[in-house]
Amino acid sequence: MQKQRKIRVLIAKPGLDSHDRGAKVVARALRDAGMEVIYTGLRQTPEQIVETALQEDVDVIGLSILSGAHKTIFPRIMRLLRERDLTDVMVFAGGIIPQEDVAKMKKLGIKEIFGPGTTTETIIHYVLDNLPRRS
Amino acid sequence: MTKTEELVKGVLGGNRRSVARAITIIENDDPDAQELVAKIYVHTGKAHVIGLTGAGGAGKSTLIEKIVKEYRRRGKTVGVVAVDPTSPFTGGAFLGDRIRMQELCTDEGVFIRSMATRNYAGGIARATKDAVKVLDAAGKDVVIVETVGAGQSEVEIIKVAQTIVVVHAPGLGDEIQAIKAGVMEIADIFVVNKADRENANKAVIDIQSNLQMNKKEIPWKPPVLKTIALTGEGIPELVNKIEQHRCFLEGDLECRKVSLRTKAEAELIDAIKERVTGSVIEELKREGKFEALVHQIMEKKTDPTSAADKLVKKALHDVEA
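Residues numbered from 1 in each chain as written. Chains lettered and ligands numbered in written order. Predicted model: local features only at pLDDT ≥ 70, side-chain atom pairs only at ≥ 80, totals over all residues.

A look at the overall build of chain B
Secondary structure summary: chain B contains 11 helices and 8 strands in total. The globule rule puts the C-alpha radius of gyration for 321 residues at 20 Å, and the 22 Å found for chain B is close to it. For chain B, the spread of C-alpha atoms along the three principal axes comes to 60 × 55 × 40 Å. A buried classification covers 40% of the 321 residues belonging to chain B. Counted over contacts in chain B with a minimum sequence separation of 6, partners at least 24 positions apart contribute 72%. (Helix = DSSP H or I, 4+ residues; strand = E, 2+ residues; numbered from the N terminus. Rg over C-alpha atoms; globule rule 2.2 N^0.38 Å. Buried ≥ 20, exposed ≤ 12 C-beta atoms within 10 Å, placed from the backbone. Contact = placed C-beta atoms within 7 Å.)

Structure follows, in structure tokens:
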């Protein structure tokens, strides 16, 4: 009988850039680590990402962004998550986020930022070790 | 109010968060799952449930996006359960059906849920039929289930949906494929998608000529429609046909009774299987007999069927006693 809790992860690409190789590599790695990964495709608005997280009841959101718009988009996503009471969802991000922005992004509630060169093992372990508890 | 009662109240009120959480509880077979389903069951049966099946790449997800939009234009609310396969090796899954439907996701009249099969056979997940019940109880007028990319024998969807749409695309198979048993037999409506491609008419004819070989006089003859999901061509006609089939089911009392009975029977049998298998195996494992028999089978001292026979008879005897 299957009774274990499955980890559900949303991998989302906000903003207008169209490079999703990284997002797909991470999605595939998490899949191979036994997680159920929902992928939204490109060019998602913050509203679409948060609504998807809600409907899919995910434990984790991974945001991939390379366009440089993270300073506009991430605060909006984090605000919408709070408004929908989705505060027990863990959010991490990756892509091109300059070092000087990392602290600011973390202050918004993004748990970790994975820059270029991060191994997929690092991300898998991070997700497993920081999985939010559910009431 | 208990946690489950609160959740049920949320579902019945159409609260999206409650709907999402209820489906998770059912998927994980959490301790509250049974009570939850029991409590919403009486509120189900109002939605029209449509099953879309067909080979991977035929265009099911894109078709669903367009079907949902058409239903929204007609003022109906819609729930979607989109099933994709679980890895038999890692237990993980990549759920990508939403990609084609993301435009719908901020529409409050639409609720989309991706679901992994979790190794359930037959093209859907074990939790699919109960997830459909949740969406039904939450007030969705129409619930659409997308099966995994189905080959030939994934026909579990007939236990869930009232109208089955089998989606084909030109070039996927010849008349020999059309004549085969299984998926080809369960369709209430056939769709040849990507109808702008070469050989679309050939695909339609292959299906039609196979249908003509049906000997039995059937009250509903499955139509074969052509669509181009990308542009939306043929979608209003498809939705009209689906609605026609719904009216047919509602009008034909005998048909409706048979359909309801078949579903009730199938659900009961599945539930018994699940309960009995689960508890018998658990019990045997606890007693260590399971392990012993596995070894006897490996050493060819007995065969699996005889071993199971012995075990089940004993287990049932114990239950009676």
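Alright, that's what it looks like, and here's the rest.
Regarding the overall build of chain A
The number of helices and strands found in chain A is 5 helices and 5 strands. When its helices and strands are written in sequence order, chain A yields β-α-β-α-β-α-β-α-β-α. Compactness check: chain A gives a C-alpha radius of gyration of 14 Å against a globular reference of 14 Å for 135 residues, within 12% of the reference. Viewed in the frame of its principal axes, chain A has a C-alpha envelope of about 45 × 35 × 25 Å. Evaluated residue by residue, chain A yields a buried proportion of 43% over its 135 residues. A sequence separation of at least 24 residues applies to 75% of the contacts in chain A between residues at least 6 apart.

Details of the sheet that holds strand β4 (residues 90-95) of chain A
Taken together, the 6 strands give an open sheet; going across it, the order is β5(A)-β4(A)-β3(A)-β1(A)-β2(A)-β3(B), and neighbouring strands pair in parallel fashion. Strands with a single pairing partner mark the edges of an open sheet, and in this sheet they are β5 (112-114) of chain A together with β3 (93-95) of chain B. Averaged over all pairs of adjacent strands, the angle between their axes in this sheet comes to 20°, without regard to strand direction. For strand β1 (residues 8-12) of chain A and strand β2 (residues 36-39) of chain A, the ladder comprises 4 bridges, and the chain directions are parallel. Counted as the bridge partner of A:Leu10 is A:Ile38 from β2(A). This element, helix α2 (residues 46-56) of chain A, spans β1, β2 and β3 (60-65) of chain A of the sheet and lies at about 165° to β1(A). (Pairing = 2+ DSSP bridges. Axes fitted to C-alpha atoms, helices over the stretch in contact; angles between N-to-C directions.)

Considering the interface of chain A and chain B
Residue-level contacts link 27 residues of chain A with 28 residues of chain B. Those elements giving two or more residues to the side of chain A that touches chain B turn out to be α1 (21-32), β2 and α2 of chain A. Here the element with the most residues in the side of chain A that touches chain B is α2(A); it accounts for 7 residues. Tallied by class, the residues present in the side of chain A that touches chain B amount to 8 nonpolar, 8 polar and 11 charged. Where β2(A) meets β3(B), 3 bridges bridge the pair, whose relative direction is parallel. (Nonpolar A, V, L, I, M, F, W, Y, C, P; charged D, E, K, R; others polar.)

Describing the domain arrangement of chain B
By domain assignment, chain B separates into domain 1 (1-43), domain 2 (45-251) and domain 3 (265-320). On a C-alpha basis, the centres of domain 1 of chain B and domain 3 of chain B stand 32 Å from each other. (Domains from an automatic or database assignment.)

Some remarks on the nonpolar core
A:Val37, B:Val134, B:Ile144 and B:Val145 are the most contacted members of the largest nonpolar core, which has 115 residues in total. Per-element accounting of this core gives the leading share, 6 residues, to helix α2 (residues 16-27) of chain B. Discounting chain neighbours no more than four positions away, the residues touching B:Val145 are B:Val49, B:Gly51, B:Val81, B:Ile124, B:Thr128, B:Val132, B:Ile157, B:Val160 and B:Ala161. (Core = buried A, V, L, I, M, F, W, Y, C linked by C-beta atoms within 7 Å.)

What to know about the environment of B:Lys133
All names here are of chain B. Mapping Lys 133 onto the fold places it in helix α5 (residues 128-137). Separated by 86 residues in the primary sequence, Lys 133 and Ala 47 place their C-alpha atoms 8.8 Å from one another. Leave out the neighbours within four places in its chain, and Lys 133 touches Val 37, Ile 40, Tyr 41 and Thr 44.

Brief notes about the pairing of β1(A)
Every other side chain in a regular strand lies on the same face of the sheet, so the side chains alternate between the two faces. Residues and elements named next belong to chain A. Taking burial as the measure, the 5 residues of β1 include 5 buried ones, the bulk of the element. Once the chain exits β1 it traverses α1 before rejoining the sheet at β2, and the crossover so formed is right-handed. Here 4 bridges tie β1 to β3, and the two strands are oriented parallel to one another. Counterpart to Leu 10 in the pairing with β3 is Ile 61. (Right-handed = clockwise from strand over helix to strand, strands pointing away.)

Quick word on the environment of B:Val166
All names here are of chain B. Structurally, the position occupied by Val 166 is in strand β6 (residues 163-168). C-beta crowding within 10 Å serves as the criterion here: with 27 such atoms nearby, Val 166 is assigned to the buried category. C-alpha separation for the pair Val 166 and Asp 188, spaced 22 residues apart in sequence, amounts to 7.8 Å.

A look at helix α10 (residues 289-298) of chain B
Judged by how many residues are buried, α10(B) sits mostly at the surface: 0 of 10 residues are covered. Downstream of α10(B) by one or two residues, B:Lys300 has phi in the positive range, about 65°.

Side note on the pairing of β3(A)
All names here are of chain A. For β3, the tally of buried residues reaches 6 of 6 residues, placing the bulk of the element in the interior. Along β3, one buried face is formed by Val 60, Gly 62 and Ser 64 and the opposite face, lined by Ile 61, Leu 63 and Ile 65, is buried too. As judged from the 6 bridges shared by β3 and β4, these two strands associate in the parallel manner. For Ile 61, the partnering residue across the bridge sits in β4 and is Val 91. Chirality of the crossover, the property in question, places the unit of β3, helix α3 (residues 70-83) and β4 among those that are right-handed.

Observations regarding unusual backbone geometry
Here A:Arg43, not a glycine, exhibits a phi torsion of approximately 50°, which is positive. Of note, B:Lys194 is a non-glycine position whose phi angle comes to about 55°, a positive value. Here B:Lys194 lies in the loop between β7 (189-192) and α7 (200-212).

Regarding the packing of helix α1 (residues 3-12) of chain B against α2(B)
Residue and element names in this part refer to chain B. Axis separation between α1 and α2 bottoms out at 7 Å; the angle between their running directions is 125°. Classified by the angle between their axes, α1 and α2 sit oblique to one another. Two packed elements cross with a definite hand, and for α1 against α2 that hand is left-handed. Where α1 abuts α2, its residues Leu 7, Gly 10 and Val 11 lie against Ser 18, Val 19, Arg 21 and Ala 22. Considered class by class, the residues forming the contact of α1 with α2 number 4 nonpolar, 2 polar and 1 charged. (Parallel < 35°, antiparallel > 145°, perpendicular 65-115°, else oblique. Left-handed = near helix turned anticlockwise from the far one by under 90°.)

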